[in-house]
Amino acid sequence: MISAANLPGIGGATARLASPWRRLSDSEKSVRALRVALDVAGRLRDPALVEDAVIQAKIQSDNPKGPQWTPHGFAQGYAGLALLWGHLDRCFPDEGWDVVGHVHLEIAAESAATQPYLHPGSFSGIGGLTFSACYLSRFGTRYARLLAVLQKNLIRSLAPMIAFMNGLHNGAPTNAFDVISGLSGVLPYLLGLRGSAEVEDTLHYIVRSLVALSEEENGLPRWHSPSHVSKPDLDFLLQQYPNGYLNCGLAHGVPGLMGALALAHLAGVRCAGLEEAIDRLAAWLIVNRLDDEWGLNWPNGVGLRPPGDPAGLICPIGTSTRAQAGWCYGSPGIARVLYFAGQCLKNPEYCEVAVQAMEAVLRRPPAARLIESPTFCHGVAGLLQIVLRFANDTGSTALAAGAVALTEQLLGLYEPEALLGFRSVEFAGKRVDQPGLLDGAPGVALVLLGVACDVEPAWDRLFLLS
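Residues numbered from 1 in each chain as written. Predicted model: local features only at pLDDT ≥ 70, side-chain atom pairs only at ≥ 80, totals over all residues. Heavy atoms only, no water.

A.B. asks: What should I look at first to understand the overall build of the chain in this one?
C.D. replies: A tally of helices and strands in the chain yields 17 helices and 7 strands. Against the globule reference of 23 Å for 466 residues, the chain gives a C-alpha radius of gyration of 21 Å, in line with a compact fold. For the chain, with 466 residues in total, the buried portion stands at 62%. Long-range pairs, those at least 24 residues apart, make up 71% of the contacts in the chain between residues at least 6 apart in sequence. Carbon and sulfur atoms make up 55% of the accessible area of the chain, which totals about 17000 Å². (Helix = DSSP H or I, 4+ residues; strand = E, 2+ residues; numbered from the N terminus. Rg over C-alpha atoms; globule rule 2.2 N^0.38 Å. Buried < 20%, exposed > 50% of the residue type's maximum accessible area, 1.4 Å probe, protein only. Contact = heavy atoms within 4.5 Å. Areas by Shrake-Rupley, 256 points an atom, 1.4 Å probe, with all protein chains shown as cover.)

Written out as structure tokens, the structure is:
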């Protein structure tokens, strides 16, 4: 039986992480934010227009290996759009957004049913679809049959993934443990389903696997990524570090691993070595900073030396490249999970470092943040969402002022003449009408709703932000 108390963002142990949500204090900007968010949502509600945008994005993009639309996808598909409709329904329950959500969720579910296999990952697998269906379910009063099937399949598909993780030695592919495709991304959703023996067992298996991955083996953390686990043409970090690397991004690296463990601890999960693992990973991140003239900062990753190099196994941090100030890579995402680590370990130093890192982000001129796109993953919307979370949790006037400034920047990127109102800016500078949640207009609309409404944006739990 699916109960409201067990659903993500509805009650439960992890809800205590956030203070009561407060919209932006600048009423003029919050009104503008709502107007723009509703405009974007109005464009995306028709699946025919979404399909037009999918075609346009393929034509416009210079990146043939970029995000690929799949109807059941969360990052790039109708499952992600269903999350937007679910949050709009929470903000405006009498305006028919649940009906729009039903249409999009049905497309996603039908697509999933045709797949011979769906991996459990959250951003393109069954995990994200399950989370979106749950978020749209009006606190468990709808979609009970669909959710039961999805959750059963999700739990079942996790067993081989956990077994694979447990068999890894001397390195790991990031997609086994990261937030996008791996176990760290599934864990936040499962934390909202606690109660059944099956979920509890699965949670503990995942946590134990992630704790083991945090340990050292043959002089390196077990989560390092040697060169043979990826392909240089698909992995930008391997192009920079051809001998392998230690990934420092929230989306694909050790911050996601640590954040998932910290959220599990805050939700009441206990496991031998859990606190030590969180502390070990937090300390590693703090040591491996790459500060700049504005303050605390981090690299995308830390490189490995060739095997047998007499100088050691890990390249000096000074040879690393500073990351952008985004959700996926950079200090904002890292700061958020360091804050969680400080909370669960009752370590004020980690919380203080996290806040200092966010203050440093806001001191950097916009050009020095290296984020041009308005979108969520590596753009202004993702940074704004993290600043909004910190401002709510800490009551910091500096962070609140930063949220106001970022809102103005994001609204300044609104293009009413564009197909979806916001265009994704790819790394080569190409502007793309992107309908996917992670890299497109829907993610911007979700963040703007958090600016404008007093409804907690609990959707960001799958991004490890709450």
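A.B. asks: I keep staring at the nonpolar core and nothing clicks. Help me out?
C.D. replies: One broad rule of soluble globular proteins: the nonpolar side chains tend to lie buried together. Counting residues in hydrophobic clusters, the biggest one holds 162 residues, and the most contacted among them are Trp85, Leu190, Leu210, Leu261, Trp327 and Phe463. Leu261 has contacts with Leu187, Val207, Leu210, Val211, Leu274, Ala277, Ile278 and Leu281, leaving out every residue within four places of it along the chain. (Core = buried A, V, L, I, M, F, W, Y, C linked by side-chain atoms within 4.5 Å.)

A.B. asks: What is the right way to read the state of the cysteines from this model?
C.D. replies: Two cysteines, two sulfur atoms, one covalent bond between them: this is a disulfide. For the coordinates displayed, the defined rule picks out 0 disulfides. Looking at the unpaired Cys91, the closest cysteine sulfur is the one in Cys453, lying at 4.0 Å. According to the relative accessible area criterion, Cys91 is buried, its value standing at 14%. No disulfide involves Cys134; its sulfur sits 17 Å from that of Cys91, the nearest cysteine. With relative accessibility at 1%, the residue Cys134 sits in the buried group. (Disulfide = S-S within 2.5 Å.)

A.B. asks: Would you mind showing me how to read the environment of Leu438 here?
C.D. replies: Tracing the backbone through its elements, the reader meets Leu438 in the loop between β7 (431-432) and α17 (441-452). Its relative accessible area of 9% is what places Leu438 among the buried residues. Linking Leu438 and Ala75, residues 363 residues apart in sequence, is a C-alpha distance of 4.9 Å.

A.B. asks: Could you clarify how one ought to interpret helix α12 (residues 274-287) in this entry?
C.D. replies: Side chains three or four residues apart in an α-helix point the same way, a direct result of the helix having 3.6 residues per turn. Taking 1.5 Å of rise per residue, the 14 residues of α12 would be expected to cover 20 Å, and the 20 Å separating its terminal C-alpha atoms lies within 8% of that figure. All buried positions along α12 are accounted for by Leu274, Ala277, Ile278, Leu281, Ala282, Trp284, Leu285 and Ile286. (Expected span 1.5 Å × (residues − 1).)

A.B. asks: In this structure, what is going on with the sheet that holds strand β5 (residues 301-303)? I would like to understand it.
C.D. replies: The strands making up a sheet are joined through hydrogen bonds of the backbone, oriented either antiparallel or parallel. As summarised here, the arrangement of the 3 strands in space is β3-β4-β5, forming an open sheet in which the pairing is antiparallel. Lying at the two open borders of the sheet, with one neighbouring strand each, are β3 (225-226) and β5. As judged from the 2 bridges shared by β3 and strand β4 (residues 244-247), these two strands associate in the antiparallel manner. Across the sheet, Pro226 pairs through a bridge with Gly244, a residue of β4. (Pairing = 2+ DSSP bridges.)

A.B. asks: For this particular structure, what's the right way to read the environment of Gly450?
C.D. replies: For Gly450, the position within the fold is in helix α17. Since its relative accessible area comes to 0%, Gly450 is described here as buried. Sequence separation of Gly450 and Leu24 is 426 residues, and the distance between their C-alpha atoms is 8.1 Å. The contacts of Gly450, once residues within four sequence positions are left out, are Trp21 and Arg23.

A.B. asks: Is there a simple way to explain the packing of aromatic side chains in this structure?
C.D. replies: Within a pair of aromatic rings, the relevant descriptors are the distance that separates the centres and the angle that separates the planes. The tally for this structure, following the rule as stated, stands at 17 aromatic pairs. Here the aromatic rings of Phe74 and Phe123 are separated by 5.4 Å at their centres, their planes lie at 90°, and the arrangement is edge-to-face. With Phe74 in the loop between α2 (47-60) and α3 (78-91) and Phe123 in the loop between α4 (97-113) and α5 (126-135), this residue pair connects regions lying 49 residues apart in the sequence. For the pair Phe74 and Phe123, one class covers both residues: buried. Where Tyr414 meets Phe422, the ring centres are 5.6 Å apart and the plane angle is 45°; that geometry is what we call tilted. One residue, Arg90, lies across the ring of Tyr135, its end atom 3.6 Å from the ring centre. Across the ring face of Phe390, the terminal group of Arg336 is positioned such that the distance to the ring centre comes to 5.1 Å. (Phe/Tyr/Trp six-rings, centres within 6.5 Å; stacked < 30°, edge-to-face > 60°. Lys NZ or Arg CZ within 6 Å of the ring centre and 35° of its normal.)

A.B. asks: Please explain the pattern of salt bridges as it appears in this structure.
C.D. replies: As a working rule, side chains carrying opposite charge can pair if their charged atoms are close by. Per the stated rule, a full pass over the model turns up 19 salt bridges. Salt-bridge contacts for Asp291 lead to Arg289; the nearest nitrogen and oxygen are separated by 2.8 Å. Take Arg289: its relative accessible area is 24%, and that puts it in the partly exposed class. Put simply, Arg389 and Asp460 hold a salt bridge, and the shortest N to O gap is 2.8 Å. With Arg389 in helix α15 (residues 380-394) and Asp460 in the segment after α17, this residue pair connects regions lying 71 residues apart in the sequence. Accessibility classification places Arg389 together with Asp460 in one group, the buried group. Each member of the salt-bridge network shares a partner with another, and the members are Asp26, Glu28, Lys29, Arg32 and Glu408. (Salt bridge = Lys/Arg side-chain N within 4 Å of Asp/Glu carboxyl O.)

A.B. asks: It is not clear to me how the pairing of β4 should be interpreted in this structure. Could you clarify?
C.D. replies: Side chains Gly244 and Leu246 project from β4 onto one buried face, and the interleaved Tyr245 and Asn247 project onto a second face that is buried too. Where β4 lies against β5, 3 bridges are found, and the strand directions are antiparallel. Across the sheet, the residue bridging to Asn247 is Gly301, located in β5.

A.B. asks: What exactly am I supposed to notice about unusual backbone geometry here?
C.D. replies: Both trends apply: most residues other than glycine have a negative phi, and most peptide bonds are in trans. With phi around 55°, Asn170 is a residue other than glycine that occupies positive phi space. Within the secondary structure, Asn170 is located in the loop between α6 (144-166) and α7 (174-177). Residue classification places Asn170 among the partly exposed residues on the basis of a relative accessible area of 38%. Although it is not a glycine, Leu464 sits at a positive phi angle of roughly 60°. With respect to the helices and strands, the residue Leu464 is situated in the segment after α17.

A.B. asks: I would appreciate a short explanation of the packing of α6 against helix α9 (residues 197-213) in the present structure.
C.D. replies: Helices that pack against each other are described as a pair by the angle of their axes relative to one another and the distance between those axes. Contact geometry for α6 and α9: axes closest at 10 Å, N-to-C directions at 25°. By the angle class used here, α6 and α9 are roughly parallel. Once α6 is placed against α9, the crossing between them reads as left-handed. The residues of α9 that touch α6, namely those facing Ile155, Leu158, Ile162, Met165 and Asn166, are Glu198, Val199, Thr202, Tyr205, Ile206, Ser209, Leu210 and Leu213. Residues belonging to the contact of α6 with α9 are distributed by class as follows: 9 nonpolar, 3 polar and 1 charged. (Axes fitted to C-alpha atoms, helices over the stretch in contact; angles between N-to-C directions. Parallel < 35°, antiparallel > 145°, perpendicular 65-115°, else oblique. Left-handed = near helix turned anticlockwise from the far one by under 90°. Nonpolar A, V, L, I, M, F, W, Y, C, P; charged D, E, K, R; others polar.)

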